[in-house]
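Okay, here's what each chain looks like letter by letter:
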Amino acid sequence: MLPPNEAIAEDLMGFSITSGEVIGSDYVLLALSSDERLRADPEDYHSYLCLISDGKVRLRENVFPITSQTRAGDCDLISLSAQGSVRLTSPHGGENEAMVGDASGQKVYGRTRLTQVSTVDGQAIAVGTRGAVYRRTAPGEWDCIDHGCYDPNQFGRSLNAIAGFGADELYAVGDGGELWMQTRGTWAKAAWPGADDLNTVVCASDGNVYAAGSRGVVVRGRGDHWHRIEGVPGHLTFWGSAWYEATLFLTANLDRCYTLTAEGIVPVDFGDTPAPQTAFDLKVRDNALWLFGPKDV
């Protein structure tokens, strides 16, 4: 049972949500940052893990700076730092795992900075700068799977998100309009007429891949065929995406939520529910769509 946003905001006063996930149907785990610490040092992303259960907010533990989270299995959640630290959490507690890439000999430190982690076919996959991609194959073991995509000479280049129809068909997007596809273990750069940053990607049940990012860019396609969806306002920067009930949902500008319809991009109607004041990430879990913003769940 999730308490109303007003109760969450009151209990988390002084903190902002940087990432969120859902464990089972009764637990929500949030990664929090201290507003006071960030004001003093904008680079201080020290995190706190917070568990919401039984209608109450419970601060649980101080951890490394969390960049992204994903669910692994029905009851376990993986939290990652940009440097490759891994925290495995369940309703019964948490523990650190071996760092990303250590077992494969391709350590994150000095090689990349991780930006996002998603789950495809039950396995966590993380992406980062220089085009790095890692797949979690077992507890504490991550294989480096970025041959053909990784470039050690371009640290400023970043992959920002990854999704897939399955382990043999992955799509990763990033800065400068980069859109990569991996099929049967081979990465290839997809060609589409655009160079704006892409921040989020989702593989939808309608058979299409949707990617979105800066300056109102929303791209639809698959394989070698891509096109930009026209008529999207250029002042929108998209950060999160999800496919739910045959509809594409998007968050924009950290405070708005939209759907893609035949008429174009349309603001979400929250009905009698107060609309969230902040919006960043979207996730579909247990037949429900979850929205996470710095001050909202």
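A brief structural summary. (Residues numbered from 1 in each chain as written. Predicted model: local features only at pLDDT ≥ 70, side-chain atom pairs only at ≥ 80, totals over all residues. Heavy atoms only, no water.)

A word on the overall build of the protein chain
When you go through the protein chain residue by residue, the secondary structure sums to 2 helices and 26 strands. On C-alpha atoms alone, the protein chain measures out to a radius of gyration of 18 Å, which is about the 19 Å that the 2.2 N^0.38 rule sets for 297 residues. Considering the protein chain as a whole, with its 297 residues, one finds that 53% of them fall into the buried category. Within the protein chain, residue pairs in contact and separated by at least 24 positions form 40% of the contacts whose partners lie at least 6 positions apart. Entry remark: accessible area of the protein chain is about 13600 Å², with carbon and sulfur atoms responsible for 48%. With 24 positive and 39 negative side-chain charges, the protein chain shows a spacing of 4 Å between the two charge centroids. (Helix = DSSP H or I, 4+ residues; strand = E, 2+ residues; numbered from the N terminus. Rg over C-alpha atoms; globule rule 2.2 N^0.38 Å. Buried < 20%, exposed > 50% of the residue type's maximum accessible area, 1.4 Å probe, protein only. Contact = heavy atoms within 4.5 Å. Areas by Shrake-Rupley, 256 points an atom, 1.4 Å probe, with all protein chains shown as cover. Lys, Arg positive; Asp, Glu negative; His and termini not counted. Charge placed at Lys NZ, Arg CZ, Asp CG, Glu CD.)

Section: the pattern of salt bridges
For the structure shown, the criterion picks out 13 salt bridges. Note that Asp-286 and Arg-71 form a salt bridge whose closest N and O atoms lie 3.2 Å from each other. Placement of the pair is Asp-286 in the loop between β25 (281-285) and β26 (288-292) and Arg-71 in strand β5 (residues 68-72), with a sequence separation of 215 residues. A relative accessible area of 41% places Asp-286 in the partly exposed class. Measuring nitrogen to oxygen at the nearest pair gives 3.0 Å for the salt bridge that ties Arg-111 to Asp-146. Remark: Asp-146 occurs in the loop between β12 (141-144) and β13 (159-166) and Arg-111 occurs in the loop between β8 (93-97) and β9 (114-120); sequence separation between them is 35 residues. In this structure, a network of salt bridges that share partners links the residues Glu-21, Asp-281, Lys-283 and Arg-285. (Salt bridge = Lys/Arg side-chain N within 4 Å of Asp/Glu carboxyl O.)

Re the sheet that holds strand β7 (residues 86-90)
Strand order in the open sheet formed by 4 strands is β5-β6-β7-β8, with antiparallel pairing between adjacent strands. Where the open sheet ends on each side, the last strands, each with one partner, are β5 and β8. Neighbouring strand axes in the sheet, compared pairwise and without regard to direction, differ in orientation by 25 degrees on average. The pairing of β5 with strand β6 (residues 76-80) spans 5 bridges and is classified as antiparallel. Among the inter-strand pairings, Arg-71 is bridged to a residue of β6, identified as Leu-77. (Pairing = 2+ DSSP bridges. Axes fitted to C-alpha atoms, helices over the stretch in contact; angles between N-to-C directions.)

Some thoughts on the sheet that holds strand β11 (residues 133-138)
Spatial strand order, β9-β10-β11-β12: 4 strands in an open sheet with antiparallel pairing. Sheet topology places β9 and β12 at the edges, where each strand pairs with a single neighbour. On average, each strand axis in the sheet is tilted by 30 degrees relative to the strand beside it, whichever way the strands run.

Comments concerning the side chain of Ser-241
With respect to the helices and strands, Ser-241 occurs in strand β21 (residues 238-244). At 2.6 Å, the side chain of Ser-241 and the side chain of Thr-200 are in polar contact. Contacts of Ser-241, omitting those with residues within four sequence positions, involve Thr-200, Val-201, Val-202, Leu-248, Phe-249, Leu-250 and Leu-282. (Polar contact = N/O pair within 3.5 Å; in protein donor to acceptor, adjacent residues only side chain to side chain.)

Concerning the packing of aromatic side chains
Scanning the model with the defined rule gives 7 aromatic pairs in all. Ring centres of Phe-165 and Tyr-171 lie 6.3 Å apart, and the angle between their planes is 90 degrees; on these two criteria the pair is classed as edge-to-face. For Phe-165, a relative accessible area of 29% translates into the label partly exposed. Ring centres of Trp-290 and Phe-292 lie 6.4 Å apart, and the angle between their planes is 10 degrees; on these two criteria the pair is classed as stacked. Phe-292 carries the same exposure label as Trp-290, and that label is buried. Within the aromatic cluster, the residues linked to one another by ring pairs are Phe-165, Tyr-171 and Trp-226. The residue whose ring lies beneath Arg-111 is Tyr-150, and the NZ or CZ to ring-centre distance is 3.8 Å. (Phe/Tyr/Trp six-rings, centres within 6.5 Å; stacked < 30°, edge-to-face > 60°. Lys NZ or Arg CZ within 6 Å of the ring centre and 35° of its normal.)

Notes on the environment of Glu-21
By secondary structure assignment, the location of Glu-21 is in strand β1 (residues 15-23). Among the residues examined, Glu-21 registers a relative accessible area of 0% and is labelled buried. For the pair Glu-21 and Arg-71, spaced 50 residues apart in sequence, the C-alpha to C-alpha distance is 6.9 Å. Filtering out sequence-adjacent residues up to four positions away, Glu-21 remains in contact with Tyr-27, Val-28, Leu-29, Gln-69, Thr-70, Arg-71, Leu-77, Lys-283, Arg-285 and Phe-292. A polar contact of 3.5 Å, which involves the side chain of Glu-21, links it to the side chain of Lys-283. A polar side-chain atom of Glu-21 sits 2.5 Å from a polar atom in the side chain of Arg-285.

Comments concerning the environment of Leu-248
Tracing the chain through its elements places Leu-248 in strand β22 (residues 247-252). Taking relative accessible area as the criterion, Leu-248 reaches 1% and is therefore assigned buried. Distance in space between the C-alpha atoms of Leu-248 and Leu-236 is 16 Å, their sequence separation being 12 residues. Among all residues touching Leu-248, those that are not within four sequence positions of it are Val-202, Tyr-210, Val-218, Ser-241, Ala-242, Trp-243, Tyr-258, Thr-259 and Leu-260.

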